[in-house]
Amino acid sequence: MKIAVHFYSYYKDLSGSAETTETLPPGSTIADLLKQLMARFPELGAMQNSTLVAVGVDYQGRGYLLKEGDEVSLFPPVQGG
Amino acid sequence: MKYRSSRRCKADDGIHDLRFAIYDLRANALLAPSFTGHVVVKRQLTITLEPIDEAALLTKRKISDDMGAVVRFLGVVRRTEEERTIKAIEYEAFHRMVEHQFKLLFDEMEKSWPIESVRLVHRIGVVRVNEPSLWVEVVAPHRGEAFAACQWLIDELKRVVPIWKKPFA
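Since this is a predicted model, take the numbers as computed values, not measurements.

The rules behind each value
- All residue numbers refer to position in the chain's written sequence, counted from 1.
- A letter from A marks each chain and a number from 1 marks each ligand, given out in the order of writing.
- The predicted origin of the model limits local features to residues at a pLDDT of at least 70 and limits the giving and counting of side-chain atom pairs to 80 or more, whereas totals for whole chains, interfaces and linings rest on all residues.
- By convention in this description, side-chain values take in all heavy atoms of the structure and omit both hydrogens and water.
- A run of DSSP states H or I qualifies as a helix once it reaches four residues; a run of E qualifies as a strand once it reaches two. Both are numbered from the N-terminal end.
- A simple rule labels every residue: compare its accessible area, found with a 1.4 Å probe on the protein chains alone, to the largest value its type can have, and call it buried under 20%, exposed over 50%, or partly exposed in between.
- Residues are treated as being in contact if the distance between any of their heavy atoms lies within 4.5 Å.
- As used here, buried area is the combined drop in accessible area, with a 1.4 Å probe, of two parts when they are placed together.
- By salt bridge we mean one thing: a side-chain nitrogen of Lys or Arg within 4 Å of a carboxyl oxygen of Asp or Glu.
- When residue character is reported, Ala, Val, Leu, Ile, Met, Phe, Trp, Tyr, Cys and Pro are called nonpolar, Asp, Glu, Lys and Arg charged, and the others, Gly included, polar.
- To get an axis, a line is fitted to the C-alpha atoms, and for a helix only the part in contact is used. The angle between two axes follows their N-to-C directions and goes from 0 to 180 degrees.
- Roughly parallel means an angle under 35 degrees; roughly antiparallel means over 145; roughly perpendicular covers 65 to 115; every other angle is labelled oblique.
- By convention, the crossing between two helices is left-handed when the near helix turns anticlockwise from the far helix through less than a right angle, and right-handed when the turn is clockwise.

With that out of the way, let us pick up the overall build of chain A. Along its length, chain A carries two helices and five strands. Beginning at the N terminus, the succession of helices and strands in chain A can be written as β-α-β-α-β-β-β. Of all 81 residues assigned to chain A, the portion counted as buried reaches 53%.

Encoded structure:
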């Protein structure tokens, strides 16, 4: 399945792009997606534990089961205000 | 009475629920101890590239006769950021998610305090030192509720609303 991935804040700099697409086998989780992304973008590796993940507009944990068409966003801790 | 945020921001499964906040209302004299009612709160959220026009916001304020407290908060860009002197901060937002997360926060406020209205303006783009980046107004019957709700909203904004800043020297 294909998963659209969006990067925000300095994750865009670390990955060198604002978005990408990853292909994963059915039954994959966000943890699987992150593992694949960290291999492709090693600069993101150091941020692994603090990375926040949203599917659509809701936060999700590493165990979330991805579905075809999911839009995943990766970003560092938020800093509004 | 304890207020527990019903939402989680999952940084890491199970172990790393950084965003799961628990507030003990008894620990804070400002907080309302026994609100159980439900009112529909007037809400206004503005995410804008334009400077915050506080005077214009004040002229549009509406308060019913039962309200006794208005708390306003202005967040201003400081000259120092992580011990560095800066000239400005550029704010970036994930707009769709910002709107959704604020809706969830306003829902929580509505359940937790008897506030009449909440208005929030957050600037994005470049905001210079000494200019406001955030304006919040909460209207409630009493000051305790207004202060508490406003404080909680700003704390939660800084925990879950996807806005980031990039300082410029």
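The next subject is the interface of chain A and chain B. At the junction of the two partners, chain A supplies 25 residues and chain B supplies 29 residues. Taking both sides of the interface into account, the surface hidden between chain A and chain B amounts to around 2,300 Å²; carbon and sulfur atoms contribute 52%. Summed over the three residues of chain A that lose the most area to chain B, namely Val 57, Tyr 59 and Gly 81 of chain A, the buried surface amounts to 29% of that side. At the boundary of chain A with chain B, the tally comes to two salt bridges. The closest approach of N and O atoms between Glu 71 of chain A and Arg 96 of chain B, which form a salt bridge, is 3.8 Å. Contributions of two or more residues to the side of chain A that touches chain B are made by β3 (52-55), β4 (58-59) and β5 (71-75) of chain A. Split by residue class, the side of chain A that touches chain B holds 10 nonpolar, 11 polar and four charged.

All names here are of chain B. Where helix α2 (residues 95-112) meets helix α3 (residues 143-160), the axes come as close as 11 Å, and the angle between the chain directions of the two elements is 150°. One way to sum up the angle between α2 and α3 is to call them roughly antiparallel. In terms of crossing hand, the pair formed by α2 and α3 is right-handed. Contact residues: α2 offers Gln 101, Phe 102, Leu 105, Phe 106, Glu 108 and Met 109, while α3 offers Ala 149, Trp 152, Leu 153, Glu 156, Leu 157 and Val 160. Classifying every residue of the contact of α2 with α3 by side-chain character gives nine nonpolar, one polar and two charged.

These values are about where atoms sit, not about what they do.
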